[in-house]
Amino acid sequence: MTSSISRLSTAMERTGQWIFSQDIPTDVVVVVGEAHFSVHKFMLVAKSNYIRKLIMESTEADLTRIDLTDIPGGAEIFEKAAKFCYGVNFEITVHNVAALRCAAEYLQMTDKYCEHNLAGRTEDFLSQVALSSLSGAIVVLKSCHHLLPMAQDLYIVQRCVDIISSKACNEANYPSRSPANWWTEELCIIDIAFFAKIISAMKSRAAKTPTLAAALTTARSQVQADVSLVKENEALRSELMRMKLYISDMNKNSHGTSSMKGGSKSKGTFFSSVSKTLGKLNPFRHGSKDTSNLDDGVDVTKPRRRRFSIS
């Protein structure tokens, strides 16, 4: 049975490569939140027992849409799981291995259903790579914060806590690098609930009081630094708001002043326009008294008859 499943797995990888090369039309859309993936049922069913059950138990004659919004890790992790079904290579890292392991459990991509499946691959990476170092275990544990409770049910959290507490105690007694308390700073990236689990596990391993004090002191300093940073950000945000209000008030005042100037400007009348015109023609406006250049058609050598009018 195992050999037949293995042959099927290899055949599926070849089939996936053939599908990509032939551009075979997809027959189902997988919805994960706002993301939509057009895929082939046959490729997913070969690796995922969960999707096989959905298709087999569906009341629709031809299921064309599957909602996997609740999959751990979201659309990004489902895309990697789908690539695995198609035999497409992708990288498993300390940052995504916990999410991939949870997604494999959710999709029932276990070795029991299909040999060398995603669950087995992620378990191998966890034990052989991710949890082999203190730094790797810390990163994996940090990523579990958004994978609860499944990461807890799969004992990923507990395994991380056990390894971190063990290696932290060893580092405290026999430092492998300098400064000697480097591990306390790395612990600061972990959620406070996970941090408490690690301290409790270190106590159960008979960690010395100075060791625990160093971890707690570093964590407290980091918390204080984070609080200080939050306060600085709030102060900066408040200052920016004040600047925006100040600029807004300046713009309003500027518009108000310009409108007042425009409103106080009197509308031109006939007489004012005539006065301006006459002013331009006034020969005396610059202090000159020479009128010889004026030619109004009147003989100035003859006395002019004056007329008086009374009204």
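So, here is what we can say about the structure in this document. (Residues numbered from 1 in each chain as written. Predicted model: local features only at pLDDT ≥ 70, side-chain atom pairs only at ≥ 80, totals over all residues. Heavy atoms only, no water.)

## Thoughts on the pattern of salt bridges
Under the definition given, this model contains five salt bridges. In this structure, Lys41 and Asp62 form a salt bridge, with 2.7 Å as the shortest nitrogen-oxygen distance. With a gap of 21 residues between them, Lys41 in helix α2 (residues 41–45) and Asp62 in the loop between α3 (49–57) and β3 (65–67) connect regions that are remote in the sequence. With relative accessibility at 12%, the residue Lys41 sits in the buried group. Between Glu105 and Arg101 there is a salt bridge, with its nearest N and O atoms 3.0 Å apart. (Salt bridge = Lys/Arg side-chain N within 4 Å of Asp/Glu carboxyl O. Helix = DSSP H or I, 4+ residues; strand = E, 2+ residues; numbered from the N terminus. Buried < 20%, exposed > 50% of the residue type's maximum accessible area, 1.4 Å probe, protein only.)

## Brief notes about the packing of aromatic side chains
Two aromatic rings are characterised by how far apart their centres lie and by the angle between their planes. Overall, the coordinates contain two aromatic pairs when judged by the stated rule. Arranged with centres 5.3 Å apart and planes meeting at 50 degrees, the rings of Tyr50 and Tyr106 form a pair that is tilted. Linking Tyr50 in helix α3 with Tyr106 in helix α5 (residues 97–106), this pair joins segments that are 56 residues apart in sequence. You can call Tyr50 partly exposed: its relative accessible area is 23%. Overall, the relative accessible area of 18% leaves Tyr106 in the buried class. Over the face of the ring belonging to Trp182 we find Arg177, whose NZ or CZ atom lies 3.7 Å from the ring centre. (Phe/Tyr/Trp six-rings, centres within 6.5 Å; stacked < 30°, edge-to-face > 60°. Lys NZ or Arg CZ within 6 Å of the ring centre and 35° of its normal.)

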